[in-house]
Amino acid sequence: MPERRQVMSSNKPMKVEQTTPKTMAPWESAFGFPMLARLSREFDSMFSRVGLERPMFEPMPPMWTPEMEIITKEHELLVKVDMPGIKKDEVTVEIADDHLVLRGERRQEKEEKKDGFFKTERTYGSFFRMVPLPEGVKSEGAKAIMHDGVLEITVPMMKVEEKRRTLAITEPAPVKATKAA
C-alpha cells in the first residue's frame, strides 16, 4: 500500500510519498511543456484509479515532410524530392512569386492477417514545403517529372551578374578651430 502524505503543523517528522521523475516524451521536452506533462500524468493517474487504463494525452506522431535536394547547375535549377508511395495526383507543384511550393497528402494503409485476427492501420497527413528560388529563374520554362518515388523539378536559369563594388574608407576632414571675438 503506498504511503500517504500527512500534513502537520509541528516539527515532528512526517511521512511523504516518494515519487520518481518520469521521463518526458520527445514532444514534451522539445517544446518545453513540463506543466502539460504533469497535468497529463495527473489525469492518467486519476483515471487509472477508476479502471481506465488508456492515457489521456498520447504523444503526437511526428509530421512527415519529404526530403529535398537542390542542385544549381550552369543554366538550370534542379530540385529532387523523395516521395515514396505517393502518386503524382497527390502532389501539387507551384511557382509563386519567387518560391517553389510543394503540397500534397500522404496516405498509407497496412493490412496484417495472422492466426485469428485482422489488423488494419491507416495513416493520413498533408505536407507543405516552400523553397525560395534564386535570382534569374525563368518560371515559365519549369517542368516536373515523377518517377520511381522521386519528383524532379527543373527550372531554367539565366546567369545573373553580381552587382558588387568595394567602397573606399576615408577619415573625416579635420575641423578648423575658430577664434572667439
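Since we're looking at a predicted model, the values are computed, not measured. (Residues numbered from 1 in each chain as written. Predicted model: local features only at pLDDT ≥ 70, side-chain atom pairs only at ≥ 80, totals over all residues. Heavy atoms only, no water.)

### Overview of the nonpolar core
Definition in use: As used in this record, nonpolar core signifies buried Ala, Val, Leu, Ile, Met, Phe, Trp, Tyr and Cys residues forming a set joined through side-chain atoms within 4.5 Å. Only protein chains enter the accessibility calculation, which uses a 1.4 Å probe; a residue whose area is less than 20% of its type maximum is buried, one above 50% is exposed, and one in between is partly exposed. Helix and strand assignments come from DSSP, with helices taken as H or I runs of at least 4 residues and strands as E runs of at least 2, each series counted from the N terminus.
Formed by 16 residues in total, the largest nonpolar core has its most connected members in Val-79, Val-81, Met-83, Leu-151 and Ile-153. Elements with a contribution of two residues or more to this core: strand E2 (76-82), strand E4 (99-114), strand E5 (117-132) and strand E7 (150-156).

### A word on the pattern of salt bridges
Cut-off, in case you're wondering: Any carboxyl oxygen of Asp or Glu within 4 Å of a side-chain nitrogen of Lys or Arg constitutes a salt bridge here.
The tally for this structure, following the rule as stated, stands at six salt bridges. Put simply, Arg-103 and Glu-94 hold a salt bridge, and the shortest N to O gap is 3.7 Å. Since its relative accessible area comes to 35%, Arg-103 is described here as partly exposed. In this structure Glu-94 comes out as partly exposed when scored by relative accessible area, which is 33%.

### Concerning the sheet that holds strand E1 (residues 68-72)
The condition is simple: A pair of strands is labelled paired if DSSP reports no fewer than 2 bridges between them. Under this scheme, a helix contributes an axis fitted over its contacting stretch, all axes are lines through C-alpha atoms, and angles between N-to-C directions fall in the 0 to 180 degree range.
Strand order across the open sheet formed by four strands is E1-E2-E7-E6, with antiparallel pairing between neighbours. The sheet is open, and its two edges are formed by E1 and strand E6 (143-147), each paired on a single side. Sheet twist, expressed as the mean angle between neighbouring strand axes with direction ignored, is 15°. Across five bridges, E1 lies against E2 in antiparallel orientation. Looking across to E2, one finds that Ile-70 is bridged to Val-79.

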